[in-house]
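Here is what each chain is made of, one letter per residue.
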Amino acid sequence: MKKVILITGISSGFGKEMSRVLVQKGHVVYGTIRKHCEVAPGVKTVFMELADSYSIQKAVNQILENEGRIDVLINNAGMHSGAPIEDAPEEMYRKQMDINFHGWVNTIKAVLPGMRAQRSGLVINISSIGALTGLPFQGVYTSAKFAVEGISYALRLELKQFNIKVVVVNPGDFKTRNVETREIALKKNSAYEKQFNKSLAIIEKEEGEGKDPVLLARKISRIVDKKNPKYRYLVGSSIQKMAVFFKRIMPERIFTFLISKYYGM
Ligand SMILES: NC(=O)c1ccc[n+]([C@@H]2O[C@H](COP(=O)([O-])OP(=O)(O)OC[C@H]3O[C@@H](n4cnc5c(N)ncnc54)[C@H](OP(=O)(O)O)[C@@H]3O)[C@@H](O)[C@H]2O)c1
């Protein structure tokens, strides 16, 4: 069935591929952008800056005026950061949370009145496998993803009565623009410098060799078509999925030992 879908952040990476795949499936796709960019034929764009709640509401209103409804929200847009917890300045934490958490919550709040009125809807939050395992020097970034995990659990319970479903997707490493755009904070003569560089090189190598984002886009397309989607989908390599499984079943001490070995610590 043809659905009206709002995807945040379609200028690159997952957003770009999701918008292309979903419009090809015959859905009405609106994608958010911050500046003019090329998008797949048929995809409609709206301006949205996640750090600005006014622009979020304006974008949602524009779609509701045009289409009368939004069936699916895919919360995707976001920034990436890398820093030792101690070195990261307060502004970095605030910016990360403003964009990757408050921006997402404001977008959800903007679409919910319409979804409640139509008594149907689907909210897909693109989280991360890192939000299930924890990653060194990614604490600023993953703290926003952990917050998204927390709100998603509550949201799925609160929205059940309105027939609105919440799905969390946890991708592993995919080759997108995240390596180029990651904001880094490392103090001069930082006590963490050697370890940070070593671990970040491993993280960036994995991202550089990551899967094609179109695979995630196709998975999302199948989720959108499902009558009763699961709450959580892990999309990544077998080793990344295994890490989530081990985290669940292993004593914390053993898991911490294994993950620190993996990241050269
Ligand atoms: N790639 C991975 O391996 C991976 C793994 C797990 C989770 N994820 C998650 O997947 C999502 C998409 O990331 P990606 O890897 O596809 O990264 P990406 O290629 O860098 O795309 C990020 C998108 O978000 C937009 N964006 C950034 N800041 C924004 C803001 N303040 N307001 C509005 N839009 C903003 C960007 O638009 P501009 O062009 O205007 O900057 C871009 O369209 C993110 O939530 C990320 O955390 C990615």
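Residues numbered from 1 in each chain as written. Predicted model: local features only at pLDDT ≥ 70, side-chain atom pairs only at ≥ 80, totals over all residues. Heavy atoms only, no water.

Now for unusual backbone geometry. Despite not being glycine, Phe137 shows a phi value in the positive range, around 60°. Within the secondary structure, Phe137 is located in the loop between helix 4 (130-133) and helix 5 (139-159). Residues other than glycine seldom take positive phi values, yet Asn189 does so here, at roughly 55°. Mapped onto the secondary structure, Asn189 falls in the loop between strand 8 (183-184) and helix 7 (193-208). (Helix = DSSP H or I, 4+ residues; strand = E, 2+ residues; numbered from the N terminus.)

This part takes up the site of the ligand. Ser11, Ser12, Asn76, Tyr141 and Thr176 are the nearest of the 29 residues found near the ligand. Between the ligand and Glu49, the relevant distance is 2.8 Å, taken from a nitrogen atom to a side-chain nitrogen or oxygen of the residue. One of the side-chain N or O atoms of Asn178 is found 3.2 Å from a nitrogen atom in the ligand. Contact with the protein chains covers 95% of the free accessible surface of the ligand, which is 900 Å². Of all elements in the fold, only helix 1 (13-24), helix 3 (90-118), helix 5 and helix 6 (178-181) reach the threshold of two or more residues within the shell around the ligand. (Near = heavy atom within 4 Å. Polar contact = N/O pair within 3.5 Å; in protein donor to acceptor, adjacent residues only side chain to side chain. Areas by Shrake-Rupley, 256 points an atom, 1.4 Å probe, with all protein chains shown as cover.)

Now for a positive patch on the surface. Among the surface-exposed residues, Lys25, Lys211, Arg218, Arg222, Lys226, Lys230 and Lys241 lie close enough to one another that they form a single positively charged patch. With respect to the element layout, Lys211 can be found in the loop between helix 7 and helix 8 (213-225). (Patch = residues over 30% accessible without salt bridge, like charges linked within 9 Å, V, L, I, M, F, W, Y side chains within 5 Å. Salt bridge = Lys/Arg side-chain N within 4 Å of Asp/Glu carboxyl O. Lys, Arg positive; Asp, Glu negative; His and termini not counted. Charge placed at Lys NZ, Arg CZ, Asp CG, Glu CD.)

Take the sheet that holds strand 9 (residues 232-235) next. One open sheet accounts for seven strands, arranged 3-2-1-4-6-7-9; its pairing is parallel. The sheet is open, and its two borders are formed by strand 3 (44-47) and strand 9, each paired with just one other strand. Taking the axes of each pair of neighbouring strands and ignoring which way they run, one obtains an average angle of 20° across the sheet. Strand direction decides the pairing type here: strand 7 (residues 164-171) and strand 9, joined by four bridges, are parallel. Among the inter-strand pairings, Pro171 is bridged to a residue of strand 9, identified as Val235. Packing of helix 1 onto the sheet brings it into contact with strand 1 (4-7), strand 2 (28-33), strand 4 (72-75), strand 6 (121-126) and strand 7, and relative to strand 1 it is tilted by some 170°. Each of strand 1, strand 2 and strand 3 is contacted by helix 2 (residues 53-67), which is oriented at about 145° to strand 3, the strand it contacts most. (Pairing = 2+ DSSP bridges. Axes fitted to C-alpha atoms, helices over the stretch in contact; angles between N-to-C directions. Contact = heavy atoms within 4.5 Å.)

In this section: the pattern of salt bridges. Across all of its chains, the model carries ten salt bridges by this definition. Between Arg232 and Glu149 there is a salt bridge, with the nearest N and O atoms lying 3.0 Å from each other. On the criterion of sequence distance, the pair formed by Arg232 in strand 9 and Glu149 in helix 5 is long-range, its members being 83 residues apart. In this structure, Glu209 engages Lys205 in a salt bridge whose closest nitrogen and oxygen atoms are separated by 3.3 Å. The pair Glu209 / Lys205 is uniform in exposure class, with both members exposed. Taken together, the shared-partner salt bridges in this structure form one network comprising Arg182, Glu204 and Glu207. (Buried < 20%, exposed > 50% of the residue type's maximum accessible area, 1.4 Å probe, protein only.)

The next subject is the side chain of Arg182. Take Arg182: it is sitting in the loop between helix 6 and strand 8. For Arg182, a relative accessible area of 7% puts it in the buried group. Side chain to side chain, Arg182 and Glu204 meet in a polar contact 3.4 Å long.

Quick look at the nonpolar core now. Residues Met18, Leu22, Ile74, Ile124, Val169 and Ile220 are the most contacted members of the largest nonpolar core, which totals 62 residues. What Ile124 contacts, discounting residues up to four positions off in sequence, is Val72, Leu73, Ile74, Asn75, Val167, Val169, Ile220, Ile223 and Val224. Within the second largest apolar cluster, five residues are counted, among which are Ala83, Ala88, Met92 and Ala185. (Core = buried A, V, L, I, M, F, W, Y, C linked by side-chain atoms within 4.5 Å.)

With respect to the element layout, Ile5 can be found in strand 1. Separated by 68 residues in sequence, Ile5 and Leu73 place their C-alpha atoms 5.9 Å apart. Apart from the residues lying within four places of it in its own chain, the contact partners of Ile5 are Leu22, His27, Val28, Val29, Tyr30, Val72, Ile74 and Val224.

The next subject is a nonpolar patch on the surface. A surface patch of nonpolar side chains, about 290 Å² in accessible area, is lined by Ile239, Met242 and Tyr262. Considering the arrangement of structural elements, one finds Tyr262 in helix 10 (residues 252-262). For Tyr262, a relative accessible area of 38% corresponds to the partly exposed category.

Counted residue by residue, strand 2 has six buried out of six residues, so it is predominantly covered. What you see with strand 2 is no split at all: Val28, Tyr30 and Thr32 on one side and Val29, Gly31 and Ile33 on the other are buried throughout. Strand direction decides the pairing type here: strand 1 and strand 2, joined by four bridges, are parallel. Opposite Leu6, over in strand 2, you have Tyr30 as the bridge partner. With four bridges connecting them, strand 2 and strand 3 associate as parallel partners. Within the sheet, the bridge partner assigned to Thr32 lies in strand 3 and is Val46.

Read these as geometric descriptors, not functional statements.
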